[in-house]
Amino acid sequence: MPVQLYTLLILCLTFTHGGCMFPSHHWGEWNGSQLQPTIQKLMKGYNRYLRPNFNEGPVEIGMSLDIASIDAISEINMDYTATIFLRQRWRDSRLVFPGNESVSVDGRLVSLLWIPDTFIPDSKRSFLHDVTVENRLIRIFSNGTVLYALRITATIACNMDLTKYPMDRQVCTLQLESWGYNLQDVVFYWTRGNDSVKGLDILRLAQYSVESYYTSVSEAVYETGNYPKLVLHFTLRRNVLFFILETYVPSILLVVLSWVSFWISQSSVPARTCIGVTTVLTMTTLMMGARTSLPNANCFIKAIDVYLGICFTFIFGALLEYACAHFYTMQHHTIEDLHRDLLRELNESNGNGSIPIVSSTQPNHSVEMGSSVDEPTEQSVNSNTKNDAGSKENMSRQGCGLSSVKDASRRAASIFVVENPHNIDRHARTVFPTAFLFVNILYWLYYLFL
C-alpha cells in the first residue's frame, strides 16, 4: 500500500512540473507582426562595405565630444593625455524601419554596420576602453539615423611656446579627420557648434585652468586628396601660484639673505664669506631643480630662467661687494700704517734734536805739506757754471716727461682709492634693494602684460 501511494505521488508531481515547463504558445499574445525589428531583419541585403548614399553624394557626419578628463600635460614631451566620449551621427537609408522608436544594438555587433573611419591625426598613443566590454554604443533610429559613441583615451601632441613659462598660455587642439574617405565621400560638421563640446567648463587640472575654447571646421590637404577635419581649440592658462611658492619666493628670500652681510662688520671675514658662498650655492641648486621638469634641449629662454638669473646676479654681486670692501679696507689700513710710521720717525727725530740732512759729497783733494795750491782761474769758473746750467736744463726736460707720466698714473690710481671703505656697505644697503625692486617691476610688467 505505501509503495502504491508513493508511485501515485511521483506521477502527480511529474505532470505538474510538465505543465509549468511547457507553457501554452499563446502566452503573452506575441506574434510575428507585433515583434520589434531586429538586427537580422535590418541586415537583410545590407552591405557594410559600401557607405550610405553610395553614388548619391557625400555622407554628412555630425560629431560631438565630452571631455571626461585631461590626465597629464607634459612640457617635456609636449603633449597631453585626455579621455573623451566621441559621438558620431549619420543617416543610413538602408536602416529605415517603421515606427518612431529607436533600437539599441549591442556594441559587439558594430562589425555588421558601416561606420566612419574617424581618427585623431596628432595622437601618439590611444586605446579604446574595454572594461567590462568594449565601451561602444550603437543606436539606430526609425528614420535610419545611426548614433555611434565610444570612449577613447589618447595622448595627443601639443606644440607649446614656453617663452613665458610659468606665466604662459598654451593653445592645444584636438583634431578629427577621416582616414580614407575624402570630401567627395564624407563631410564632417559639429552638431551644435561650440556647444558640441562638453566637460571643459567643469574640468579641474593640477597646474592649468581652461581659459577658453572654440570649434572650427576645415579640411586636411594631403597628397591623396582633401579630407574633412574638425578641430577643437582650447586655451590652457598655467596657475602661477604654485611656482611663486615653489621657486619665486625662495629665490627672493635668498637674495634678501645675501643682503644681511651688509650689516655685518667687515672684520668678520668668516661670517660674511660663509653667507655669500652659501647663498650662491643654494641659488645654483634652486636653478638646477627648476630645470628638471622642462625640456633639456630647448632653444629659447624661459621667464623663470630670466628671474633666476637676475637673483643669482644680485647674490653674486653681494659677494663681490664684500670682496671689494675688504680689499679697500686693507688698503686703507696699509696707508694709515705708513702715515703712522712716518709720523713716529718724525717725532723721534725732532726729540733728538737732529734733523736728517741729505747732502752731496765731493771727492777730497789731497794736498801735500809745504806745497802751494793754485786758485782757480776765472775762465775755469765760467766753464763750470755753463756746464752746470746745461746739465740742469737737460735734467729738467727729462724730469718733465717723467713727472707727467707719474701724475697721470697717480690720478688713475686715485679713482680706485676709497677714503672711507665703510661707506661701501652703507651705500650697498640702499643700492641693492632699490635696484632689485626696480628690476622686479620691469620683469613682472613685461611677462604679465606684454
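Residues numbered from 1 in each chain as written. Predicted model: local features only at pLDDT ≥ 70, side-chain atom pairs only at ≥ 80, totals over all residues. Heavy atoms only, no water.

Where a protein is soluble and globular, its nonpolar side chains tend to be buried together. Core analysis: the largest hydrophobic core is formed by 74 residues, its most contacted members being Ile67, Ile70, Tyr80 and Leu174. With nine residues, helix 5 (residues 303-352) is the largest single contributor of residues to this core. Excluding anything up to four places from it in sequence, isoleucine 67 contacts Thr83, Ile84, Leu174, Val197, Lys198, Gly199, Leu200, Leu203 and Leu232. (Core = buried A, V, L, I, M, F, W, Y, C linked by side-chain atoms within 4.5 Å. Buried < 20%, exposed > 50% of the residue type's maximum accessible area, 1.4 Å probe, protein only. Helix = DSSP H or I, 4+ residues; strand = E, 2+ residues; numbered from the N terminus. Contact = heavy atoms within 4.5 Å.)

Okay, the sheet that holds strand 12 (residues 225-238) next. Taken together, four strands build an open sheet; the order of strands is 4-8-12-11 and the sheet is antiparallel. Both edges of this open sheet fall to strand 4 (118-119) and strand 11 (208-222), since each of them pairs with a single strand only. Bridge analysis of strand 8 (residues 169-178) against strand 12 gives nine bridges, and the strand direction is antiparallel. When the bridges of strand 12 are listed, valine 171 appears paired with threonine 235. (Pairing = 2+ DSSP bridges.)

This part is about helix 3 (residues 240-258). For helix 3, which comprises 19 residues, the first-to-last C-alpha distance of 26 Å matches the rise-based estimate of 27 Å (1.5 Å per residue) to within 8%. The principal kink in helix 3, of about 35 degrees, is found at tyrosine 248, preceding the proline proline 250 by one to four residues. Those residues of helix 3 not exposed but buried are Phe243, Thr247, Tyr248, Ser251, Leu254, Val255 and Ser258. (Expected span 1.5 Å × (residues − 1). Bend = angle between axes of the 7 residues up to and from the residue.)

For the rest of this paragraph, the subject is a nonpolar patch on the surface. A cluster of nonpolar residues, Leu437, Ile441, Leu445, Tyr446, Leu448, Phe449 and Leu450, forms a patch on the protein surface that exposes about 780 Å² of accessible area. You can see isoleucine 441 is positioned in helix 7 (residues 422-449). (Patch = residues over 30% accessible without salt bridge, like charges linked within 9 Å, V, L, I, M, F, W, Y side chains within 5 Å. Areas by Shrake-Rupley, 256 points an atom, 1.4 Å probe, with all protein chains shown as cover. Salt bridge = Lys/Arg side-chain N within 4 Å of Asp/Glu carboxyl O.)

So, about the environment of methionine 43. With respect to the helices and strands, the residue methionine 43 is situated in the loop between helix 2 (39-42) and strand 1 (59-74). With residues near it in sequence (within four places) discarded, methionine 43 still touches Leu95, Leu112 and Leu113.

With that out of the way, let us pick up the packing of aromatic side chains. Enumeration according to the criterion identifies 21 aromatic pairs in this entry. Ring centres of tryptophan 90 and tyrosine 148 lie 6.5 Å apart, and the angle between their planes is 80 degrees; this geometry places the pair in the edge-to-face category. Remark: tyrosine 148 occurs in strand 7 (residues 145-157) and tryptophan 90 occurs in strand 2 (residues 79-91); sequence separation between them is 58 residues. Of the two residues, tryptophan 90 and tyrosine 148, neither departs from the other in class, the shared state being buried. Seen from their ring centres, tryptophan 259 and phenylalanine 436 are 5.8 Å apart, and the 80 degrees between their planes marks the pair as edge-to-face. (Phe/Tyr/Trp six-rings, centres within 6.5 Å; stacked < 30°, edge-to-face > 60°.)

Turning to the packing of helix 3 against helix 4 (residues 269-290), a few remarks are in order. Look at helix 3 against helix 4: their axes get within 9 Å of each other, and the N-to-C directions meet at 165 degrees. Our classification of the angle between helix 3 and helix 4 gives roughly antiparallel. For helix 3 against helix 4, the interelement crossing comes out left-handed. Every residue of helix 4 that contacts helix 3 at Glu246, Thr247, Pro250, Ser251, Leu254, Leu257 and Ser258 is listed here: Ile275, Thr279, Thr282, Met283 and Leu286. In the contact of helix 3 with helix 4, the residues fall into six nonpolar, five polar and one charged. (Axes fitted to C-alpha atoms, helices over the stretch in contact; angles between N-to-C directions. Parallel < 35°, antiparallel > 145°, perpendicular 65-115°, else oblique. Left-handed = near helix turned anticlockwise from the far one by under 90°. Nonpolar A, V, L, I, M, F, W, Y, C, P; charged D, E, K, R; others polar.)

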